[in-house]
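A closer look at the structure
Residues per chain are reported as follows:
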Amino acid sequence: GNHSLPPLREPHKTPRHDRPPQAGAMSGASCVAASPARPARSLMLSLGNGGAPSKVVGATCRRRYCRGPTLGAATSPAPTSATASGHDAVADATDARGDGGTKYSGRRVVLTRENGKNGDMKARLEARGIECVEMPLIETAVGADRAALPAALADSTGWAWVCITSPEAAAVFLEAWRTAGRPDVPVACVGTGTAKIIAPEYASGALTAPTFTPSRANAVTLVAELPLPPPESAEGGDSSENRPPRVLYPASANAATTLQDGLAARGATVTRLNTYSTERVTSVAVDVLAHAMRADVVTFGSPSAVKAWVQLSGLAPAAVPAGTRGGGADAAAAAAHHPLYACIGRTSAKACHKIDLPGVLFPEDPGLDGWEGTVLEALDSLLVGEEGQGHGRGQDVVSGGEQL
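Everything in this summary refers to the structure shown in the same document. Bear in mind the structure is a predicted one, so any value in this text is a computation, not a measurement.

Looking at the sheet that holds strand β8 (residues 211-212)
Spatially, β5-β10-β9-β6-β7-β8 is the arrangement adopted by the 6 strands of the open sheet, whose pairing is mixed. The open sheet has two edge strands with one neighbour each: β5 (138-142) and β8. Relative to strand β7 (residues 187-189), strand β6 (residues 161-164) is paired through 3 bridges, and the arrangement is parallel. Directly across from Cys-163, in β7, lies its bridge partner Ala-188.

Here is the structure:
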């Protein structure tokens, strides 16, 4: 049934849009047109599918983060194709939601991926009438093993698979692959977004070896589903000297060891090369940060972006340890200054959890479609709160939620 939402509480501290940018911001040409300041919000609602909470966005929850719905959940508006252009894209989005194109009018979302990587999400959101502020919070640096990748790709022994786990890793792979003379190696991509970067080489016939993408875009699923060939027999037929399948893993230096450890446990020999790293930025233009501080949702595509946001925004964590002065009231007041945070996946959400950011949402399945759906669910939750009626979706905030 329908549930009434608790009233939104006014913050007890200076609203976030009235505070000056923190140290580290620098002046710069205006990138976004100014708009009126928006009042800070207390985030006191949770979303649910069919009346059951699917994630908590309330600041008063001791365990603030729980898993988002599976991709394609009925509560998420259908993603808009980023390949649609101009009027057609806006028309498609308007037709899909049936609201005359005004549902998200005046809403603002901050895109924080590195320069050149926000275009797809920006096109999707702007087609729905959402204002996007591009504020890259990470930048890519050359990794210690970058120079070794071309020779590794050209290794005459060959590879059972070359595993690529991000769009940036795909770009680094292609650069080294061309330097190596375009060897026809089998490529496993963690998800469709990564595979999209390499797809033109398959379409042109430059790559013809097998390719693989798992059913879910994460390292755990890739480990479980990657088809590994049986060990090769050594010369002379001595089974005790059978050679295990070889996997090349050109990775970010920041990446966890989930993939290499999992494949090694399945009997593969994994060669990891740290070919790049993502570093957080230390300064942004003052006017861009000012607009970002008035946003409804901030997106995170990596833990580095989370750390950069906290450093540059100066927003205090929402969590107050049990037994300390102020307790939940102080936590709720701190959370009132925060936007909602939409993460691309669990790894970024864990980074938010570690530093006590409130109002964190992320999709069950990482990837651009799920990420877009999470942004829209965050915006929808704000609409529900402002209307004061749940329409079968909103519920009172609950204590608990799935631990990350």
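Structural notes on the packing of aromatic side chains
Centre distance and the angle of the planes are the two values used to describe a pair of aromatic rings. Tallied over the entire structure, the rule returns 3 aromatic pairs. Between Trp-161 and Phe-212, the aromatic rings sit 6.3 Å apart at their centres with planes inclined by 55°, giving tilted as the arrangement. Remark: Phe-212 occurs in strand β8 and Trp-161 occurs in strand β6; sequence separation between them is 51 residues. For the pair Trp-161 and Phe-212, a shared accessibility class is recorded, and that class is buried. Ring geometry for Phe-300 versus Tyr-341: centroids 5.4 Å apart, planes at 15°, classification stacked. Here Phe-300, found in strand β11 (residues 297-300), pairs with Tyr-341, found in strand β12 (residues 340-343); they are 41 residues apart in sequence, far enough to count as distant. Each member of the pair, Phe-300 as well as Tyr-341, is classed as buried.

Remarks on unusual backbone geometry
The phi torsion at Arg-182 lies on the positive side, around 60°, for a residue other than glycine. Take Arg-182: it is sitting in the loop between α4 (167-179) and β7. Positive phi outside glycine occurs at Asp-356, with the angle close to 65°. Note on placement: Asp-356 falls in the loop between α11 (346-354) and β13 (360-361). The partly exposed category is assigned to Asp-356, whose relative accessible area is 25%.

Remarks on the pairing of β6
Burial of the side chains of β6 extends over both faces: Trp-161 and Cys-163 are buried on one face and Val-162 and Ile-164 on the other. Inspection of the sheet shows β6 paired to strand β9 (residues 246-252) by 2 bridges, in the parallel sense. Looking at β9, one finds that Val-162 is bridged to Leu-248. At this point the chain moves from β6, through α4, to the parallel β7, and the crossover so formed is right-handed.

Things to note about the nonpolar core
Met-135, Leu-137, Phe-300, Trp-309 and Tyr-341 are the most contacted members of the largest nonpolar core, which has 29 residues in total. Of the residues forming this core, the biggest block, 5 residues, is contributed by helix α9 (residues 303-313). Leaving out residues up to four positions away in the same chain, Trp-309 has contacts with Met-135, Leu-137, Ala-292, Met-293, Val-298, Phe-300, Gly-314, Leu-315, Pro-339 and Tyr-341. Counting 21 residues, the second largest nonpolar core, distinct from the first, contains Trp-159, Val-162, Val-187 and Cys-189.

Describing the environment of Ala-217
Within the element layout of this structure, Ala-217 appears in the loop between β8 and α6 (219-225). Exposure remark for Ala-217: the relative accessible area of 24% places this residue in the partly exposed category. A sequence separation of 24 residues divides Ala-217 from Gly-193, and the C-alpha atoms of the two residues are 8.9 Å apart. In this structure, Ala-217 is in contact with Val-190, Gly-191 and Pro-366, ignoring residues within four places of it in sequence.

Quick look at the packing of α4 against helix α5 (residues 192-203)
Their axes nearest at 7 Å, the elements α4 and α5 cross at an angle of 25°. Relative to α5, α4 is oriented roughly parallel. Here α4 and α5 pass one another in a crossing that is right-handed. Two secondary-structure elements touch here, α4 through Pro-167, Ala-170, Ala-171, Phe-173, Leu-174, Trp-177 and Arg-178 and α5 through Gly-193, Thr-194, Ile-197, Ile-198 and Glu-201. A breakdown of the residues in the contact of α4 with α5 according to their chemical character gives 8 nonpolar, 2 polar and 2 charged.

How each quantity is defined
- Residues numbered from 1 in each chain as written.
- Predicted model: local features only at pLDDT ≥ 70, side-chain atom pairs only at ≥ 80, totals over all residues.
- Heavy atoms only, no water.
- Pairing = 2+ DSSP bridges.
- Helix = DSSP H or I, 4+ residues; strand = E, 2+ residues; numbered from the N terminus.
- Phe/Tyr/Trp six-rings, centres within 6.5 Å; stacked < 30°, edge-to-face > 60°.
- Buried < 20%, exposed > 50% of the residue type's maximum accessible area, 1.4 Å probe, protein only.
- Right-handed = clockwise from strand over helix to strand, strands pointing away.
- Core = buried A, V, L, I, M, F, W, Y, C linked by side-chain atoms within 4.5 Å.
- Contact = heavy atoms within 4.5 Å.
- Axes fitted to C-alpha atoms, helices over the stretch in contact; angles between N-to-C directions.
- Parallel < 35°, antiparallel > 145°, perpendicular 65-115°, else oblique.
- Left-handed = near helix turned anticlockwise from the far one by under 90°.
- Nonpolar A, V, L, I, M, F, W, Y, C, P; charged D, E, K, R; others polar.

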